[in-house]
Amino acid sequence: MEGILSINNLRKSYGANEVLQGIDLTVSRGEIIGYIGPNGAGKSTTVKIILGIEEGYTGEVKLFGKDISDGNIEYKKKIGYVPEIAEVYDTLTGFEYLTFIGELYGMDFDLVEYKAKRLMELFGIGDVYHSRISSYSKGMKQKLLIISSMLHNPEILFLDEPINGLDANSVMIFKEILSQLAEQGKTVFYSSHIMDVVEKISSRIILLNGGKIVADGTFAELKNQNKEGTLEEIFNQLTGFNEHKEIGERFVSIVQEV
Ligand SMILES: Nc1ncnc2c1ncn2[C@@H]1O[C@H](COP(=O)(O)OP(=O)(O)OP(=O)(O)O)[C@@H](O)[C@H]1O
């Protein structure tokens, strides 16, 4: 069966550094993929290639059944993206920013305006709709980014540390949003280092290490295969890491040198 996203032998190098060393994966509609791995494993690189931001790769990437390198960028209208570090035009107000983004997607102004206001209200930031983004707190900005990624009702969402700065109540709302979207057949590609959240929300977890997929399955499957309890422990085991105590001790002893 052909999935909504299929990647075949994807390779990408920066100079002599082969960052992606042959990624193969097929994602179906309605899946919430937890895409995890150590710093520098190649997660953002994979996502940027799929989004068409990063070029110069080998292998094949198909989204909605079409090769993304065929020159047709129509597919981008069906994608939502929350980057880890976003450049937001923060002299704009929330209203101005969201209507601007909506219009970039070709949406009708009245519809974007209505959706933007309602979504901000539901996320508890309706009162700053007409305030400049530069006056928002970190969590408020993050909520705005989340809303801007979903305004146009995308088929697939790429989320990079999306709950950064969100308070506990907002995280609960956000998890519920993701699970409802998946029930509606939307697909979510979720990159994060917060293992307990990934463990809970993902219908499938893909672990990347050194540019290769080293685990792919439901949390229950990964747990069975690795005889470990939490996703954090599975992560430590599969990435061959067990030195946190020694490194922490050495770090503190150097901090204490004066
Ligand atoms: N523009 C670039 N030029 C050179 N090297 C790059 C560039 N972008 C990424 N890299 C390298 O590619 C590797 C993978 O980076 P990537 O950002 O994909 O990792 P990641 O898994 O998203 O990491 P993190 O968890 O820290 O966000 C790293 O070694 C990084 O230094």
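Being a predicted model, the structure only gives us computed values, none of them experimental. (Residues numbered from 1 in each chain as written. Predicted model: local features only at pLDDT ≥ 70, side-chain atom pairs only at ≥ 80, totals over all residues.)

Engineer: Give me the lowdown on the overall build of the chain, citing residues and values where you can.
Structural biologist: On a plain count of helices and strands, the chain comes out with nine helices and 10 strands. For a compact globule of 258 residues, the expected C-alpha radius of gyration is about 18 Å, and the chain comes in at 20 Å, within 12% of that figure. The 258 residues of the chain split such that 30% are buried. (Helix = DSSP H or I, 4+ residues; strand = E, 2+ residues; numbered from the N terminus. Rg over C-alpha atoms; globule rule 2.2 N^0.38 Å. Buried ≥ 20, exposed ≤ 12 C-beta atoms within 10 Å, placed from the backbone.)

Engineer: Explain helix α9 (residues 244-255) to me, and be specific about the residues and the numbers.
Structural biologist: The end-to-end C-alpha distance of α9, which contains 12 residues, comes to 16 Å, matching closely the 16 Å that a straight helix rising 1.5 Å per residue would cover. For α9, a buried count of zero out of 12 residues is recorded, marking the element as mostly open to its surroundings. (Expected span 1.5 Å × (residues − 1).)

Engineer: For the site of the ligand, give the residues involved together with the corresponding values.
Structural biologist: Within the structure, the ligand sits among Tyr14, Val19, Gly37, Asn39, Gly40, Ala41, Gly42, Lys43, Ser44 and Thr45. Per-element accounting of the shell around the ligand gives the leading share, three residues, to helix α1 (residues 43-50). The residue inventory of the shell around the ligand, partitioned by class, reads three nonpolar, six polar and one charged. (Near = placed C-beta within 6 Å. Nonpolar A, V, L, I, M, F, W, Y, C, P; charged D, E, K, R; others polar.)

Engineer: Can you explain the nonpolar core? Please cite residues and give values.
Structural biologist: Ranked by internal contacts, the top residues of the largest apolar core, which has 54 residues, are Ile33, Ile147, Phe189, Tyr190 and Ile205. Per element, the largest residue contribution to this core is five residues, and it comes from helix α4 (residues 138-150). Those residues within four positions of Ile147 in sequence are excluded, and the remaining contacts are Leu98, Ala116, Leu119, Met120 and Phe123. (Core = buried A, V, L, I, M, F, W, Y, C linked by C-beta atoms within 7 Å. Contact = placed C-beta atoms within 7 Å.)

Engineer: Which residues make up the sheet that holds strand β4 (residues 57-63), and what are the values?
Structural biologist: In space, the four strands of this open sheet follow the order β2-β1-β4-β5, with antiparallel pairing throughout. On the outer flanks of this sheet lie β2 (17-27) and β5 (66-67), each paired with one strand and no other. Where β4 meets β5, two bridges bridge the pair, whose relative direction is antiparallel. Residue pairing for β5: Leu63 is matched across the bridge by Lys66. (Pairing = 2+ DSSP bridges.)

Engineer: Got a sec to walk through the sheet that holds strand β10 (residues 212-217)? Specific residues and values, please.
Structural biologist: Sheet architecture is open: six strands sit in the order β6-β7-β8-β3-β9-β10, paired in mixed fashion. Bordering the open sheet on either side are β6 (79-82) and β10, each of which pairs with just one other strand. Across the sheet, the axes of successive neighbouring strands diverge by a mean angle of 15°, strand direction being ignored. Bridge count for strand β9 (residues 204-209) against β10 is five bridges, and the pairing is antiparallel. (Axes fitted to C-alpha atoms, helices over the stretch in contact; angles between N-to-C directions.)

Engineer: Describe the environment of Pro162, with residues and values.
Structural biologist: Examined against the element boundaries, Pro162 turns out to sit in the loop between β7 (156-160) and α5 (168-183). A sequence separation of 80 residues divides Pro162 from Val82, and the C-alpha atoms of the two residues are 6.4 Å apart. Apart from the residues lying within four places of it in its own chain, the contact partners of Pro162 are Val82 and Ile146.

Engineer: Describe the packing of helix α2 (residues 94-104) against helix α3 (residues 109-122), listing the residues and the values that go with them.
Structural biologist: Helix-helix packing: each pair is described by the crossing angle between the helix axes and the interaxial distance. The contact between α2 and α3 brings their axes to 9 Å, and the two run at 130°. The orientation of α2 relative to α3 falls into the category oblique. The chirality of how α2 crosses α3 is right-handed. Here Gly94, Phe95, Leu98, Thr99, Gly102 and Glu103 of α2 come into contact with α3, specifically with Phe109, Val112, Glu113, Ala116 and Met120. (Parallel < 35°, antiparallel > 145°, perpendicular 65-115°, else oblique. Left-handed = near helix turned anticlockwise from the far one by under 90°.)

Engineer: Kindly report on α4, identifying the contributing residues and their values.
Structural biologist: A rise of 1.5 Å per residue sets the reference length of α4, with its 13 residues, at 18 Å; its end C-alpha atoms lie 19 Å apart and thus fit the reference within 8%. For α4, the set of buried residues is Met140, Gln142, Lys143, Leu144, Leu145, Ile146, Ile147, Ser148 and Ser149. Tucked inside the fold, the buried residues of α4 contact β6, α2, α3, β7 and α5.

Engineer: Help me get a handle on the pairing of strand β8 (residues 187-191), residues and values and all.
Structural biologist: Judged by how many residues are buried, β8 sits mostly within the fold: five of five residues are covered. Residue alternation in β8 divides its side chains into two sets, Thr187, Phe189 and Ser191 and Val188 and Tyr190, and both sets are buried. Where strand β3 (residues 32-36) lies against β8, four bridges are found, and the strand directions are parallel. The residue of β8 that forms the bridge with Ile32 is Val188. Following the backbone out of β7, through α5 and into the adjacent parallel β8, one traces a crossover that is right-handed. (Right-handed = clockwise from strand over helix to strand, strands pointing away.)

Engineer: Requested: an account of the environment of Val188, with residues and values cited.
Structural biologist: With respect to the helices, strands and loops of the structure, Val188 is situated in strand β8. Residue classification places Val188 among the buried residues on the basis of 25 C-beta atoms within 10 Å. Distance from Val188 to Asp167, taken between C-alpha atoms, is 21 Å for residues 21 residues apart in sequence. Sequence-distant contacts of Val188, defined by excluding residues within four places in its chain, comprise Ile32, Ile33, Leu157, Leu159, Leu178, Leu181 and Ala182.

Fair warning: the whole summary comes from geometry, so function is off the table for now.
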